[in-house]
Amino acid sequence: MTTNIKKCTLDDSRILQEISYETFNETFKHQNSPENMNAYLERAFNLNQLEKELSNSSSQFFFVYFNNEVAGYLKVNTNDAQTEEMGDDSLEVERIYIKNKFQKHGLGKYLLNKAMDMAMERNKKKIWLGVWEKNENAIGFYKKIGFVQTGAHSFYMGDEEQTDFIMTKTLI
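The structure presented is a predicted model; accordingly, all values stated were derived computationally and were not measured.

Another point: the confidence of the model for the protein. Mean pLDDT over the protein: 95, with 100% of residues reaching 70 or higher. Put simply, helix α5 (residues 136-144) is where the protein has its lowest mean pLDDT, 93, and strand β2 (residues 59-66) is where it has its highest, 98.

What follows is the structure, encoded as structure tokens:
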């Protein structure tokens, strides 16, 4: 079993779109209406939006491969690309998704370690993320590796306002 990471480029936009749709659907479709899911997917993962995000020098995407197959991805933000005002000493993990069939292989932790390494290389003091309050598996995972809830913010799934917990980990 081999695992590796590849930084995404604009040439990867269609693959990124495919895995974004797939993993977001796998994660959230059973708890949201089809209308709200479709509205969110079209807004967040259309090619123009993804290409804009891929072109932002303060954002980076990475694919994680498991046995040479794209198994998931990570998106990190620094500076003004962060979705909340967290300061220049922070790195945001905006998206971290693993396809269902590749879960329980340590790939989420592998990607988070990549994000933490990036933060430390850039002399960031903390790493943070937003996680849906109903995503208990993810919340448990983040707590297990040292994240704590430090706030909350609104998140819109289509026309439904939901709550994301903001979880932060201080880096040493």
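Below, the discussion takes up the packing of helix α1 (residues 13-28) against helix α3 (residues 47-55). Contact geometry of α1 with α3 gives a least axis separation of 10 Å together with a crossing angle of 115°. By the angle class used here, α1 and α3 are roughly perpendicular. The hand of the α1/α3 crossing is right-handed. In this structure, α1 uses Ser-13, Arg-14, Leu-16 and Gln-17 to contact α3, whose residues at the interface are Leu-47, Leu-50, Glu-51 and Leu-54. Per-class residue counts for the contact of α1 with α3 are four nonpolar, two polar and two charged.

Attention shifts here to the sheet that holds β2. Reading across from one edge, β1-β2-β3-β4-β5-β7-β6 is the order of the seven strands in this open sheet, with mixed pairing throughout. This sheet does not close on itself; its edge strands, each paired only once, are β1 (3-7) and β6 (148-157). When strand polarity is set aside, the average angle formed by the axes of neighbouring strands in this sheet is 30°. As paired elements, strand β3 (residues 69-77) and strand β4 (residues 90-98) share six bridges and run antiparallel to each other. In the sheet register, Leu-74 faces β4, and the bridge partner there is Ile-96. Sheet contacts for helix α2 (residues 34-44): β4, β6 and β7 (160-170); angle to β6, the most-contacted strand, approximately 100°. Along the sheet face, α3 touches β2, β3 and β4 and points at about 105° away from the line of β2.

The subject of this paragraph is the packing of aromatic side chains. With the rule as written, the count across this model stands at 15 aromatic pairs. Seen from their ring centres, Phe-28 and Trp-132 are 5.6 Å apart, and the 70° between their planes marks the pair as edge-to-face. In this pair, Phe-28 sits in helix α1 while Trp-132 sits in strand β5 (residues 126-132), placing the two residues 104 residues apart along the sequence. Of the two residues, Phe-28 and Trp-132, both sit in the buried class. Both rings, one in Phe-141 and one in Tyr-142, keep their centres 5.4 Å apart while their planes meet at 55°; by these two values the pair is tilted. A connected cluster of aromatic rings, assembled from ring pairs, spans Tyr-21, Phe-24, Phe-28, Tyr-40, Phe-45, Phe-61, Tyr-73, Tyr-97, Trp-132 and Phe-155.

Calculation criteria
- Residues numbered from 1 in each chain as written.
- Predicted model: local features only at pLDDT ≥ 70, side-chain atom pairs only at ≥ 80, totals over all residues.
- Heavy atoms only, no water.
- pLDDT = per-residue confidence, 0-100.
- Helix = DSSP H or I, 4+ residues; strand = E, 2+ residues; numbered from the N terminus.
- Axes fitted to C-alpha atoms, helices over the stretch in contact; angles between N-to-C directions.
- Parallel < 35°, antiparallel > 145°, perpendicular 65-115°, else oblique.
- Left-handed = near helix turned anticlockwise from the far one by under 90°.
- Contact = heavy atoms within 4.5 Å.
- Nonpolar A, V, L, I, M, F, W, Y, C, P; charged D, E, K, R; others polar.
- Pairing = 2+ DSSP bridges.
- Phe/Tyr/Trp six-rings, centres within 6.5 Å; stacked < 30°, edge-to-face > 60°.
- Buried < 20%, exposed > 50% of the residue type's maximum accessible area, 1.4 Å probe, protein only.

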